[in-house]
Amino acid sequence: VQLVESGGGLVQPGGSLKLSCAPSGTFFGIYDMRWYRQTPGKQRELVAGISRDFAINYADSVKGRFIISRDNANNTVFLQMYDLKPDDTAFYYCYAAVSLRPGDPLEFWGQGTQVTVSS
């Protein structure tokens, strides 16, 4: 199983971007899906998470600006980002808890996608 991300890029402050992430390969089920971000020299931080039954949490720094959602039919998680700020510049990583067979899920990470907010 691989998580395939898309949607990063360069945007001006105040602009919007939408990230998406979906698994490729064969699996039994997908549970928690999350977005993390990381900048050089800093720890990876949780941006937003969504459970299979749509319980959602956000980092305080993105509340009111970012929206996480998921399409269970297509096993896809999205991160809609509004009012982007230079501090949002980071490499964004998708995370998913995926079970390959009935039982405890395993953790999978995407390859990351760069988001740059700059004028």
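Presented here is an overview of the structure given in this document. (Residues numbered from 1 in each chain as written. Predicted model: local features only at pLDDT ≥ 70, side-chain atom pairs only at ≥ 80, totals over all residues. Heavy atoms only, no water.)

## Observations regarding the sheet that holds strand β7 (residues 66-71)
Let me state the cut-off plainly: Note: two strands are recorded as paired if DSSP finds a minimum of 2 bridges between them. Numbering of helices and strands runs from the N terminus; a helix is a DSSP stretch of H or I covering at least four residues, while a strand is a stretch of E covering at least two. Lines fitted to the C-alpha atoms define the axes, with helices restricted to the stretch that makes contact. Angles between their N-to-C directions range from 0 to 180 degrees.
The sheet built from four strands is open, its strands ordered β1-β3-β8-β7 with antiparallel pairing. The open sheet is flanked by β1 (2-6) and β7, the only strands paired with a single partner. Averaged over all pairs of adjacent strands, the angle between their axes in this sheet comes to 15°, without regard to strand direction. Of the pairings in the sheet, the one linking strand β3 (residues 17-24) to strand β8 (residues 76-81) comprises five bridges and is antiparallel in character. Each residue of the ladder has a partner; that of L17, found in β8, is M81.

## With respect to the side chain of R65
Threshold: The term polar contact refers here to a pair of N or O atoms within 3.5 Å; inside protein, the definition further demands a hydrogen-donor-capable atom paired with an acceptor-capable atom, and it admits residues adjacent in sequence only when both atoms are side-chain atoms. Only heavy atoms enter the contact rule, under which two residues are in contact if any of them lie within 4.5 Å.
If you trace the backbone, R65 turns up in the loop between β6 (56-58) and β7. A polar atom in the side chain of R65 sits 3.0 Å from the backbone oxygen of D83. Residue contacts for R65: discarding those within four places in its chain leaves Q80, M81, Y82, D83, L84, K85 and D88.

## Points about the packing of aromatic side chains
The test is simple: Each pair of aromatic rings taken from Phe, Tyr and Trp, with Trp reduced to its six-membered ring, is defined by centres within 6.5 Å and is described as stacked if the planes are under 30 degrees apart, edge-to-face if over 60, and tilted in the remaining cases. Think of it in three bands: with a 1.4 Å probe and only protein chains considered, a residue is buried below 20% of the maximum accessible area for its type, exposed above 50%, and partly exposed in between. Distance and angle both matter: a charge sits over a ring if NZ of Lys or CZ of Arg is within 6 Å of the ring centre and within 35 degrees of the ring normal.
Taken as a whole and judged by the stated rule, the model has four aromatic pairs. Between Y36 and Y95, the ring centres sit 6.1 Å apart and the planes meet at 65°, which makes this aromatic pair edge-to-face. Of this pair, Y36 sits in strand β4 (residues 29-38) while Y95 sits in strand β9 (residues 90-99), and the two are 59 residues apart along the sequence. On the basis of relative accessibility, which here comes to 13%, the residue Y36 falls in the buried class. For Y95, a relative accessible area of 4% corresponds to the buried category. Ring plane angle 55° and centroid distance 4.9 Å describe the contact between Y36 and W109, whose orientation is recorded as tilted. Pair noted here: Y36 is in strand β4 and W109 is in strand β10 (residues 106-109), with a separation of 73 residues, a long-range link. Taken together, the ring pairs in this structure connect Y36, Y95 and W109 into an aromatic cluster. One residue, R44, lies across the ring of Y93, its end atom 3.8 Å from the ring centre. The ring of W109 is capped by R44, whose NZ or CZ atom sits 4.7 Å from the centre of that ring.

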